[in-house]
Amino acid sequence: MNLEEYIRTVDGFPKPGISFKDITTLCKIHAPFKESCDILVNHFKNKGIKKVAAIEARGYVWGGVLAYQLEAGFVLIRKPGKLPAETISETYELEYGTDTIEMHYDAIEKGEKVLLFDDLLATGGTAKAAANLIEKAGGIIEGIAFVIELTGSLHGRDKLKGYKMISLIEIPVEE
Ligand code: AMP
C-alpha cells in the first residue's frame, strides 16, 4: 500500500508559505491507518519498550495504539499549561522565537526504554526537545518514529543523529 497517497497537502495552512501535510485523510480510513500502525508495531515489538511518549495532538492518534500493542504505557507530551500536576519542560528554538513542551515529572521511571512518536518530522526541533525531556526524566530512547518525514532542506534527521529513527513516508521539500 502506498501510504503517501492518503496524505492531503494543504498549501497556505496555518499561514502563507507552509505546505501542511494533513494526516487526517490517512487515519480516517481503516486500511491505511491499520497498515501504518502495524508497520510501527512490528518494528518496535520485542524491544522491551516500557513507555510510548507522543507529542500532542496528532502524535496521540498513533501513540495510544502503539502503547497498547507494544504492551507499554502511554505518556503525554504537551504544550505549556495543559498538564495538571508538576511538570518538567524543555524550550527549543523556532525560526522566530521559541517554543516549550512539558511532561509530568513522574511520567517515566529511570532506565525505562521509551519509544518517542510524532506524526511528522520537519526541522526536528520538536522531536529533539521531546527526546531531551525524556532523557531528563531518566528514560532511554529506544527509537523515534514518525508517519511523515519531510526530507531535503529542513535536515530534521541531522538533529536526531545518534537515535534510531523510522519514518513511514518521506516527502521532499524545497525551501
Ligand atoms: P519540527 O519541530 O520543525 O520538526 O516540526 C514538527 C512538528 O510540527 C510536528 O508536531 C508536526 O505536527 C508539525 N509540523 C511541522 N511542519 C508541518 C507540516 N508541513 N505539515 C504538518 N505538520 C507540520
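The structure we're discussing is the one just above.
Since we're looking at a predicted model, the values are computed, not measured.

(A) Inspection of the overall build of the protein at higher detail. Check the secondary structure of the protein and you find five helices and nine strands. Listing the helices and strands of the protein from first to last along the sequence gives β-β-α-α-β-α-β-β-β-β-α-β-α-β. Its C-alpha radius of gyration of 16 Å places the protein within 12% of the 16 Å reference for a compact globule of 175 residues. For the protein, the spread of C-alpha atoms along the principal axes amounts to about 40 × 40 × 30 Å. For the protein, the proportion of its 175 residues judged to be buried stands at 46%. Put simply, of all contacts in the protein between residues at least 6 apart along the chain, 55% involve residues at least 24 apart. A total of about 9300 Å² of accessible surface is found on the protein, and carbon and sulfur atoms cover 50% of it. Averaging the locations of the 21 positively and 26 negatively charged side chains of the protein gives two centres separated by 3 Å.

(B) Representation of the site of the ligand within the structure. Of all residues adjacent to the ligand, which total 13 residues, the nearest are Arg58, Asp118, Thr123, Gly124 and Thr126. Contact between the ligand and Lys21: a nitrogen atom at 2.9 Å from a main-chain N or O atom of the residue. Contact between the ligand and Asp118: an oxygen atom at 2.7 Å from a side-chain N or O atom of the residue. Here the ligand has 490 Å² of accessible area as a free molecule, and 81% of this is covered by the chains. The site holding the ligand turns out to be the largest pocket. Residue assignment for the shell around the ligand shows that the elements contributing at least two residues are strand S2 (19-22), strand S7 (113-121) and helix H4 (125-136). Broken down by class, the residue content of the shell around the ligand amounts to four nonpolar, five polar and four charged.

(C) Spotlight on the environment of Ile49. Tracing the backbone through its elements, the reader meets Ile49 in the loop between helix H2 (30-44) and strand S3 (51-55). When the C-alpha atoms of Ile49 and Gly143 are compared, they prove to be 9.4 Å apart, with 94 residues separating the residues in sequence. Ignoring sequence-local partners within four residues, the contact set of Ile49 consists of Phe44, Leu70, Ala72, Lys113, Leu115 and Glu142.

(D) Seen up close, the pairing of strand S4 (residues 73-77). As defined by bridge partners, S3 adjoins S4 across five bridges and the pair is classed as parallel. Of the residues in S4, the one forming a bridge with Lys51 is Gly73.

(E) Up close: the pattern of salt bridges. All chains considered together, the criterion is met by nine salt bridges. We note a salt bridge from Arg157 to Glu149, for which the minimum N-O separation is 2.9 Å. Residues joined by salt bridges that share partners form a network here, namely Lys113, Glu142 and Lys164.

(F) How the structure looks around unusual backbone geometry. Pro14 follows Phe13 through a cis peptide bond whose omega is -5°. Even without being a glycine, Asn46 presents a positive backbone phi close to 60°. Tracing the backbone through its elements, the reader meets Asn46 in the loop between H2 and S3. Even without a glycine there, the phi angle at Glu71 is positive, about 55°. Tracing the backbone shows Glu71 in the loop between helix H3 (59-69) and S4.

Cut-offs and rules
- Residues numbered from 1 in each chain as written.
- Predicted model: local features only at pLDDT ≥ 70, side-chain atom pairs only at ≥ 80, totals over all residues.
- Heavy atoms only, no water.
- Helix = DSSP H or I, 4+ residues; strand = E, 2+ residues; numbered from the N terminus.
- Rg over C-alpha atoms; globule rule 2.2 N^0.38 Å.
- Buried < 20%, exposed > 50% of the residue type's maximum accessible area, 1.4 Å probe, protein only.
- Contact = heavy atoms within 4.5 Å.
- Areas by Shrake-Rupley, 256 points an atom, 1.4 Å probe, with all protein chains shown as cover.
- Lys, Arg positive; Asp, Glu negative; His and termini not counted.
- Charge placed at Lys NZ, Arg CZ, Asp CG, Glu CD.
- Near = heavy atom within 4 Å.
- Polar contact = N/O pair within 3.5 Å; in protein donor to acceptor, adjacent residues only side chain to side chain.
- 1 Å grid on protein atoms, 1.4 Å probe; cavity = no way out; pocket = protein on both sides within 12 Å on 5 of 7 lines; lining within 4 Å.
- Sits in = over half its atoms within 2 Å of the grid points.
- Nonpolar A, V, L, I, M, F, W, Y, C, P; charged D, E, K, R; others polar.
- Pairing = 2+ DSSP bridges.
- Salt bridge = Lys/Arg side-chain N within 4 Å of Asp/Glu carboxyl O.

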